[in-house]
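Chain by chain, the residues:
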Amino acid sequence: KPMSISRDVHILDWADPAGLRKAEADYGHQKQVNLIRDAIKRLSANSKLHVVAICQAAAPTLLALDGLDTKNMTLTLLAAPLVDGPGGISHLFDPDNAEETLRSAEALVTLSGNGSRILPGAIQLAAIMHGSGGAMRLLSSATTVEAMGISPARYLGAKARRLALLDARNIPARLLLENLKANFIERRHLASLPNRNLPIHLVAGADDQVVPASQT
């Protein structure tokens, strides 16, 4: 809201795949990159553009900027897991356990009512509530929330005020798995990062337990 007072603000988001037709719910990493690129091209056509990417959106946004004219753009990356660092999540995807982590994440995928493959929002919520690195630790164990003894309601009750805006919707399984591979294992976004011809602002919280400043 504060930004919208003096700026024209546009927000990109995706719909819950459980509410889409199965064909529409098949949403992967490259489609995410393409949609971000198309939006940036459209919004920057006749005016200056400031792009803000948060957390895992940072890597596909960097890829989306490839080949675009960025002279009238700036980019801010908030809590972006771009490199390895102590704590957090990126370091869990080393070459020795990366494929195992992907297989474990695949084991948590379920079918929604429309037959699309999803990672249930309840699992994400429980992982976030579980604390530092909890999301990746949960994904590295092929089990369920109940088997882990993690109650989303229990953790929400303790942190409801701070997490009032938390939206743990279902995520398309293909998007999750392809993002993990592209962003954390192959790290495609790092190859051309030094060649970006635009101002990049990196913002990270000193007390961020999931994406510590060392990873941004």
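Residues numbered from 1 in each chain as written. Predicted model: local features only at pLDDT ≥ 70, side-chain atom pairs only at ≥ 80, totals over all residues. Heavy atoms only, no water.

Participant: A description of the environment of Phe184 should follow, citing residues and the corresponding values.
Facilitator: Assignment of secondary structure puts Phe184 in helix α10 (residues 173-186). Judged by relative accessible area, which is 1%, Phe184 ranks as buried. (Helix = DSSP H or I, 4+ residues; strand = E, 2+ residues; numbered from the N terminus. Buried < 20%, exposed > 50% of the residue type's maximum accessible area, 1.4 Å probe, protein only.)

Participant: An account of the nonpolar core is needed here, citing residue identities and associated values.
Facilitator: A general trend in soluble globular proteins is that nonpolar side chains are found buried together. Among the nonpolar cores identified, the biggest contains 18 residues, and Ile40, Ala58, Leu65, Met73, Leu75, Leu77 and Leu82 are the most heavily contacted of them. Among the elements that make up this core, the one with the highest residue count is helix α4 (residues 58-64) (4 residues). Among the nonpolar cores identified, the runner-up in size contains 11 residues, and Tyr27, Ile171, Leu175 and Leu177 belong to it. (Core = buried A, V, L, I, M, F, W, Y, C linked by side-chain atoms within 4.5 Å.)

Participant: Which residues make up the sheet that holds strand β5 (residues 171-172), and what values do they have?
Facilitator: By way of backbone hydrogen bonds, the strands of a sheet pair with one another, either parallel or antiparallel. The strand order across the open sheet built from 3 strands is β3-β4-β5, with neighbouring strands paired in antiparallel fashion. Sheet topology places β3 (110-111) and β5 at the edges, where each strand pairs with a single neighbour. Pairing of strand β4 (residues 117-119) with β5, which is carried by 2 bridges, proceeds in the antiparallel orientation. Residue Ile118 lies in a different strand from β5, and its bridge partner there is Pro172. (Pairing = 2+ DSSP bridges.)

Participant: Account for the sheet that holds strand β1 (residues 49-54), with residues named and values stated.
Facilitator: Reading across the sheet, the 3 strands line up as β1-β2-β6 and stay open at both edges, with parallel pairing between neighbours. Of all the strands in the sheet, the pair left with one neighbour each is β1 and β6 (200-203). Shown here is a sheet whose adjacent strand axes are inclined to one another by a mean of 15 degrees, direction ignored. Across 4 bridges, strand β2 (residues 73-78) lies against β6 in parallel orientation. Note on β6: the bridge partner recorded for Leu75 is Ile200. (Axes fitted to C-alpha atoms, helices over the stretch in contact; angles between N-to-C directions.)

Participant: Run through the pairing of β2, naming residues and quoting values.
Facilitator: Pairing of β1 with β2 involves 6 bridges; the strand directions are parallel. If you follow Ile54 over to β2, its bridge partner there is Leu78.

Participant: So what's going on with the confidence of the model for the protein? Residues and values would help.
Facilitator: Predicted coordinates in regions of low pLDDT should not be interpreted in detail. Here the protein averages 75 in pLDDT, while 69% of its residues score no lower than 70. Mean pLDDT across the elements of the protein bottoms out in helix α8 (residues 145-148) (45) and peaks in helix α3 (residues 29-43) (94). (pLDDT = per-residue confidence, 0-100.)

Participant: So what about α3? Which residues, and what values?
Facilitator: Note on helix geometry: an α-helix contains 3.6 residues per turn, so any two residues three or four positions apart are oriented the same way. Over its 15 residues, α3 extends 21 Å from the first C-alpha to the last, a length consistent with the 21 Å expected when each residue adds 1.5 Å. Regarding α3, the residues found buried are His29, Gln32, Val33, Ile36, Ala39 and Ile40. Taken around the axis of α3, the buried residues stretch over an arc of 130 degrees, which confines them to a single face. In the core, the buried residues of α3 are packed alongside β1, α4, β2 and α10. (Expected span 1.5 Å × (residues − 1). Arc of directions from axis to C-beta. Contact = heavy atoms within 4.5 Å.)

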